[in-house]
Every structure is written in C-alpha cells, then in structure tokens.
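# Architecture at a glance
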Amino acid sequence: MSLSRGDDAAAATSLPAGLADAIDPSRIGMFGHSMGGASTAEVLRTEPRLDAGVNLDGALFYGTAPSPIVTEGATRPLLSIISSLHADSPEGRERFWDQYFRTPRGWSRVYAIADTGHASFTDAEHFVPQNVPDLPAFEIPGGLSLGTAPREEVTRTIDGLVTAMFDRHLKDRDEAVLEHPTPQYPLIREMR
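Predicted model, so just to flag it, every value in this text is computed and none were measured.

Turning our attention to the overall build of the protein. Across its full length, the protein carries eight helices and nine strands. For the protein, the residues scored as buried account for 45% of the 192 residues in total. Residue pairs in contact within the protein that sit at least 24 positions apart in sequence constitute 69% of those at least 6 positions apart.

Printed below as a string of structure tokens:
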C-alpha cells in the first residue's frame, strides 16, 4: 500500500516525515455524525477491512425501514453515541433501537448524552456560548438543537469515548471506561 510507504499518490509527493509510521493500514476505524454515522455503521457491516466504528447520532434507517445493521447486526465493534433528543424519542426507539438490541452482534454499546440535540455533535458545540439559546435555524423537524447540557462537558464526553473506542479496538488497550462510562462522564446513560 502506497500510504504505508509514505507516498501521497494524489500529490505525487512524500507525506510529512513520520506520518507513514503513525498509520497502520491493517487497523482501520471510521466514525461519522448523522448520515456519516449511519454510513459508518453500514460500512462496518459490509467492509471487512474496517475494524471498528463510531456512530455519532446517526439514524439507522432507510426511509421508514431499519437499516441492515439493525436487522442483521455486525460482527465488528460499533459504538453509538446519541443525543437525548433521539434517545428519548418513542418513534426512534420503536423504529430501530428496540430491534437493534434484539439482533445478535459483536461488541456494541449505545450511549445517550443527557440534554443534547443533534447539533451537539457538531463544531457548534465548541463555538456557540452556553448562554446563547438554540439558533432559530436549529428549530426544525428532526431537531438540530444543541440542547442545554454544558458544552465543554459534552465535547469532553464525545472526545473521550471516541478515543477510548479506537484505543481499545485498534490499539488493544484496556479501556474500561467503555463498559462503565458514567463515573468519568456523568452525562452518559446506556440504552438497552
């Protein structure tokens, strides 16, 4: 693989010194938000070169039908971190989460972050001050709200869990926080 040699085929130049050694093409993880999170789940299910995935508030359905990851599962590890807006939705629970939990699969956890909305997983969480209410554009069906959770705590929680997921499943590090995140990340609750 050219990347492991340090080649940048697109630019026909060498990558920055040390970058090739920092990437192990035999241990690949993927994450995404919203449609990117749902895409991550589907790629994890279908692409054998992907070793672990993180879904950040991605809806696991196609139109009105559950996506294949819901009904068929996956053998490789998937962490889903979702907004409380979606976790507390009876429609979302009925449409895919209940079936997701009944379907056999490999390592999987679904955690909801209290008092968050879909936009809590975007850069807006970093840049919109806590005292600023949701922007009018965020008040759309489907809920793009930032929620009321402390912005810095939401960011710390997402960063910590995503890092722990890839450290465990790509670097073989013991990351017990993935089994019991609440002491370290008090906004988290596990969905089942």
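Here we take up the pattern of salt bridges. The tally for this structure, following the rule as stated, stands at twelve salt bridges. Across the pair Asp 88 and Arg 189 runs a salt bridge whose closest N-O atoms are separated by 2.4 Å. Highlighted residues: Asp 88 in the loop between helix 5 (84–87) and helix 6 (90–102) and Arg 189 in strand 9 (residues 188–190), separated in sequence by 101 residues. Owing to a relative accessible area of 49%, Asp 88 belongs among the partly exposed residues under this scheme. Overall, Arg 189 belongs to the partly exposed group, its relative accessible area being 34%.

Attention now goes to the nonpolar core. Judged by nonpolar contacts, the single largest core of 23 residues is most densely connected at Leu 79, Ile 81, Ile 113 and Leu 161. Elements supplying a minimum of two residues to this core: strand 4 (52–56), strand 7 (78–83), strand 8 (108–113) and helix 8 (151–171). The element best represented in this core is helix 8, accounting for eight residues. For Leu 79, the residues in contact, after removing those within four places along its chain, are Gly 53, Val 54, Asn 55, Trp 107, Arg 109, Tyr 111, Leu 161, Met 165 and Leu 178.

Read from one edge to the other, the open sheet built from five strands follows the order 3-4-7-8-9, with strand pairing classed as mixed. What marks the edges here is a single partner per strand, and that holds for strand 3 (29–33) and strand 9. Strand after strand, the sheet turns through a mean of 20° between neighbouring axes, direction not considered. In this sheet, strand 4 lies alongside strand 3 in parallel orientation, the contact comprising five bridges.

Another aspect to go through is the environment of Val 132. Checked against the element boundaries, Val 132 lands in the loop between helix 7 (124–127) and helix 8. A relative accessible area of 29% means that Val 132 is categorised as partly exposed. With 16 residues separating them in the primary sequence, Val 132 and Thr 148 have C-alpha atoms 9.9 Å apart.

Now for the pairing of strand 4. Within strand 4, five of the five residues are buried, which leaves the element mostly enclosed by the surrounding structure. Side-chain alternation along strand 4 places Ala 52, Val 54 and Leu 56 on one buried face and Gly 53 and Asn 55 on a second face that is also buried. With helix 3 (residues 35–46) bridging strand 3 and its parallel neighbour strand 4, the resulting β-α-β unit is right-handed. Of the pairings in the sheet, the one linking strand 4 to strand 7 comprises four bridges and is parallel in character.

Under the 1.5 Å per step criterion, the end-to-end length of helix 8 is 29 Å for 21 residues, consistent within 8% with the ideal 30 Å. For helix 8, the tally of buried residues reaches 16 of 21 residues, placing the bulk of the element in the interior. Count one or two residues on from helix 8 and you reach Asp 172, which has phi positive near 55°.

Scanning the model with the defined rule gives six aromatic pairs in all. Ring geometry for Phe 96 and Trp 97: centres 5.2 Å apart, planes at 55°, overall tilted. Trp 97 matches Phe 96 in its accessibility class, with the two residues each being buried. Between Trp 97 and Tyr 100, the aromatic rings sit 5.2 Å apart at their centres with planes inclined by 75°, giving edge-to-face as the arrangement. With Trp 97 and Tyr 100 both in helix 6, this residue pair falls three residues apart, about one helical turn. Residue Trp 97 is classed as buried on the basis of its relative accessible area, which comes to 2%. Aromatic ring contacts, followed pair by pair, group Phe 61, Phe 96, Trp 97, Tyr 100 and Phe 101 into a single cluster. Here Arg 105 stacks its cationic end above the ring of Tyr 100, 3.6 Å away from the centre of that ring.

Parameters at a glance
Within any chain, residue numbers begin from 1 and follow the written order of that chain's sequence. Per-residue local features of the predicted model are confined to residues with pLDDT of at least 70, and side-chain atom pairs are confined, for both listing and counting, to 80 or more; whole-chain, interface and lining totals are unaffected and use all residues. With hydrogens and water set aside, each side-chain value is computed from the structure's full complement of heavy atoms. Numbering goes from the N terminus for both helices and strands, where a helix is a DSSP run of H or I of at least four residues and a strand is a run of E of at least two. Residue exposure (1.4 Å probe, protein chains only): buried if accessible area is under 20% of the type maximum, exposed if over 50%, otherwise partly exposed. We call two residues in contact when some of their heavy atoms are within 4.5 Å. Whenever Lys or Arg places a side-chain nitrogen within 4 Å of a carboxyl oxygen from Asp or Glu, that contact is recorded as a salt bridge. We call a set of buried residues a nonpolar core when its members are Ala, Val, Leu, Ile, Met, Phe, Trp, Tyr or Cys and they connect through side-chain atoms within 4.5 Å of each other. Only strands joined by at least two bridges in the DSSP assignment are considered to pair. Orientation is described by lines fitted to C-alpha atoms, with helices fitted over the stretch in contact, and by angles between N-to-C directions that extend from 0 to 180 degrees. A right-handed crossover is one whose linking path, passing over the helix from the first strand to the second, runs clockwise when the strands point away from the viewer. Helix span, as expected, comes to 1.5 Å for every residue beyond the first. Working definition: rings of Phe, Tyr and Trp (its six-membered ring) pair if their centres are within 6.5 Å, and the pair is stacked with planes under 30 degrees apart, edge-to-face with planes over 60 apart, and tilted otherwise. Whether a charge lies above a ring is judged from NZ of Lys or CZ of Arg, which has to be within 6 Å of the ring centre and within 35 degrees of the ring normal.

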